[in-house]
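# Structural features, examined
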Amino acid sequence: MPVIKTKLENISRREKFVVLLLCDLFTFIIAGLFANFIVLGSVRHINPYIFIPYVLSQLLILWLSKYYRLRISDGSVDLIFKAITSLFGVFLIAEVIIGFIYSFVSVQSRWSIVYSVFSLAGTMGIRYAYRMQGYTRYSSRFPKAVVYGAGDAGSTMARLSHKGSFPYSVVGFIDDNRNLKRRIVQGVEVLGTLDDLEQIALKENFTNLIIAIKVISAEKIQKAVEIAKKYDISVKIIPNLFEQKKTTDVSVRDIDYADLLGRNLITPEVKPIKELFENKTVLVTGAGGSIGSEICRQIMDFDPEKLILLDIDETELHDLGMRLLNYQAEWSDKVVPVVCDIKNAAKVERIFNQYKPDIVLHAAAYKHVPLMEVFPEEAILNNVYGSYNVFNSAKKNEVKRVIVISTDKAVNPTNIMGATKRVVEMIASSMNCETTEFCCVRFGNVIGSRGSMLPIFLEEIKAGVPITVTDKRIIRYFMAIKEAVGLVFRAATIAKGGEVMVLDMGEPVKIYDFAQKLINTFGDGRSQIVITGLRPGEKLYEELLADKDNTIPTENQKIFRAKVVNNDDFSEKTLAQKIGKLCDMTPEQMVAFVKKAVPEYHKPERK
């Protein structure tokens, strides 16, 4: 049978039609003889004047209904529907003819009824046997897996598994819906719920657990991982909403630290974002960074006329350009990398004058808090003076919209980096005008950004060295980088000029507890947590961005307008004079300038 199946998969459509037609002909002959035996007690003396036209009519109707064009491995419902409707139609016509010739209670009429049932069972049985043989062959080739989630994604995995188009053999489901227990989904049994997983692992022989749920809590993922690890079962997960290229994507990947934060992702509306970027010239500063590169990747999905990648890091620019162009070129007429330091005002002006961007996304900034506490002058020159250069050139060249990437650390800042970002927000607000709209978007920590704590934790675990947590009480808010960028775009479509928008970052994460989760999931027993004390400029608790007392809701439940009070000294008339003096100041004078601009800036209290 495996040899027959393989040969049948490789022959032409016409040859396959002939093979299936001959199989049905043989099946119908056997069904006719068997019906004769049931009705008359013998296979002899079958009436050829009824039998031969009956069989030929069935084959003709099946052919006309395109029954033989259906892929046996795909169309369960279509196969059953076409077989029943076609053969039932032939049966009705045959019964009418036989009834008029022999009577409706004759032996011939009873034979027709029995034969119709057997012929239908025969043609469907052949196809079922073909598919089941395929299930057996593929199930022995691929590793066995239980799928967590018997919904659309899980049932698709099971169906593809039967066809050999999924690299796992699905042998069972678990699902949070207790009512599904013992139900059959795509020929696979729902074995129980997550609470039953440990018992299932003891009874069933499988080596992989696949989480096929797009929105799932961190607690459920953690529980599944802990049970699976106990029984040496590998855990995979489907891509989240922002990772998927298509909604029908059923690929799987390894669990990573971001999954342990849970999945409560909301996909932003596409239409207003597409209108924002489609056929526009877009310039992204800081394009080579974690946020900037993701901004560029997502903008490419909205078909801009030209995308200008501006960054001081030529290596990151080169790599990003290659990725955006599928490694076919380093740049093109559509994707243009530009090596530039935003502190170079003259060059920034030349770039704006040359490319005349419609939209600017300003993501260039120094972000590492402890390092900027050591070199505050660099944070101030890059984040404040550099941003002013970008904004000034944007306004001179009548850029329609400037979207500034800000941070939660700009709220009641306790470090120079956060204070400089608050200054940038005030500059953007003061420069807003009818020809050029400025809006700022604040959000917190993004998962997996370059140099952030979570990837560092994972590297420490892999190396078997202690995980360094600054304080056992410290909490942070996190968001997936793809989700953050998508919401930045949506916030930009909602914002009016001069506003500061904030993103709802979800529930706070206690870093100590999360580090322990990482050790339990990825560790091999060597790593432990070490408390090192708060770093310079570091807060124990980050500000809640979407605080109802400090924000106003918008049409999007994840996006809010911030209630901000700007410094009256920051007017457009005085900006050029104030910012222009920064380059001639000492580091101490620069810090004093920032403190005066942001009165709420204060050093954190150490306890």
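In this text, all values refer to a predicted model and were calculated from it rather than measured experimentally.

What the seven strands build is an open sheet, ordered β3-β4-β2-β1-β5-β6-β7; its pairing is mixed. Single-partner strands in this sheet number two, and they are β3 (184–185) and β7 (253–254). Bridge analysis of strand β2 (residues 169–174) against strand β4 (residues 188–192) gives two bridges, and the strand direction is parallel. Bridge pairing in β4 places F173 opposite V190. This element, helix α6 (residues 152–163), spans β1 (144–148), β2, β3, β4 and β5 (208–211) of the sheet and lies at about 155° to β2.

This part covers the packing of helix α12 (residues 345–355) against helix α14 (residues 376–396). Remark: α12 packs on α14, axes separated minimally by 9 Å, with the N-to-C direction vectors making an angle of 35°. Regarding α12 and α14, the two cross each other, and that crossing is right-handed. Listed contacts from α14 to A345, V348, E349 and F352 of α12 are Y385, N389, V390, S393, A394 and K396. Partitioned by chemical class, the residues of the contact of α12 with α14 number six nonpolar, two polar and two charged.

Following the sequence through the fold, D24 ends up in helix α2 (residues 13–40). A relative accessible area of 0% means that D24 is categorised as buried. Apart from the residues lying within four places of it in its own chain, the contact partners of D24 are L59, L62, Y67, Y68, T123, I126 and R127.

Bringing the pattern of salt bridges into the picture now. The final tally for this structure, using the stated rule, is 22 salt bridges. The shortest N-O distance in the salt bridge between K223 and D195 comes to 2.4 Å. You can see K223 sitting in helix α8 (residues 218–230) and its partner D195 sitting in the loop between β4 and α7 (197–203), a full 28 residues away along the chain. Residue class for K223 comes out partly exposed when judged on its relative accessible area of 33%. Taking the shortest distance from any N to any O, the salt bridge between E499 and R561 comes out at 2.9 Å. Separated by 62 residues along the polypeptide, E499 in the loop between α17 (481–494) and β18 (500–503) and R561 in strand β22 (residues 559–562) bring together distant segments of the chain.

With that out of the way, let us pick up the packing of aromatic side chains. Counted by the stated rule, this structure contains twelve aromatic pairs. Taken together, a centroid distance of 5.9 Å and an interplanar angle of 90° make the contact between F51 and W111 edge-to-face. Linking F51 in helix α3 (residues 48–64) with W111 in helix α5 (residues 107–141), this pair joins segments that are 60 residues apart in sequence. Residues F51 and W111 agree in their burial class; the two are buried. Positioned above the aromatic ring of Y512 is the side chain of K472, whose terminal nitrogen or guanidinium carbon lies 4.8 Å from the ring centre.

Looking at the chain, the pLDDT average stands at 85 and 89% of residues meet or exceed 70. Helix α1 (residues 2–10) is the least confidently modelled element of the chain, averaging 50 in pLDDT, while strand β8 (residues 281–285) averages 98, the highest of any element. The low-confidence segment residues 1–5 (pLDDT under 50) makes ten contacts with residues lying over four places distant or belonging to another chain.

Here we come to the pairing of strand β13 (residues 437–443). The buried fraction of β13 is high, at six of seven residues. In this sheet, β13 lies alongside strand β12 (residues 401–407) in parallel orientation, the contact comprising seven bridges. Each residue of the ladder has a partner; that of S406, found in β13, is R442. Each parallel crossover has a hand, and the one from β12 via helix α15 (residues 416–431) to β13 is right-handed. Of the pairings in the sheet, the one linking β13 to β18 comprises three bridges and is parallel in character. Within β18, the position partnered with V441 by the bridge is M501.

Attention now goes to unusual backbone geometry. Backbone geometry places N326, a non-glycine residue, at a positive phi of 55°. One can find N326 in the loop between α11 (314–324) and β10 (335–339). Using a relative accessible area of 56% as the deciding quantity, one classes N326 as exposed. Although it is not a glycine, N412 sits at a positive phi angle of roughly 45°. Within the secondary structure, N412 is located in the loop between β12 and α15.

Take the side chain of Q58 next. With respect to the helices and strands, Q58 occurs in helix α3. Here the side chain of Q58 touches Y115 through a polar contact of 2.5 Å, side chain to side chain. Not counting residues up to four positions away in its chain, the partners in contact with Q58 are F28, L87, V90, Y115 and S119.

All right, on to α6 then. The terminal C-alpha atoms of α6 lie 17 Å apart, and with twelve residues this matches the ideal 16 Å at 1.5 Å per residue to within 8%. Buried residues of α6: A153, G154, S155, M157, A158, L160, S161 and H162, and no others. Two residues or fewer past α6, G164 is found with a positive phi of approximately 80°.

The rules behind each value
Residues numbered from 1 in each chain as written. Predicted model: local features only at pLDDT ≥ 70, side-chain atom pairs only at ≥ 80, totals over all residues. Heavy atoms only, no water. Pairing = 2+ DSSP bridges. Helix = DSSP H or I, 4+ residues; strand = E, 2+ residues; numbered from the N terminus. Contact = heavy atoms within 4.5 Å. Axes fitted to C-alpha atoms, helices over the stretch in contact; angles between N-to-C directions. Left-handed = near helix turned anticlockwise from the far one by under 90°. Nonpolar A, V, L, I, M, F, W, Y, C, P; charged D, E, K, R; others polar. Buried < 20%, exposed > 50% of the residue type's maximum accessible area, 1.4 Å probe, protein only. Salt bridge = Lys/Arg side-chain N within 4 Å of Asp/Glu carboxyl O. Phe/Tyr/Trp six-rings, centres within 6.5 Å; stacked < 30°, edge-to-face > 60°. Lys NZ or Arg CZ within 6 Å of the ring centre and 35° of its normal. pLDDT = per-residue confidence, 0-100. Right-handed = clockwise from strand over helix to strand, strands pointing away. Polar contact = N/O pair within 3.5 Å; in protein donor to acceptor, adjacent residues only side chain to side chain. Expected span 1.5 Å × (residues − 1).

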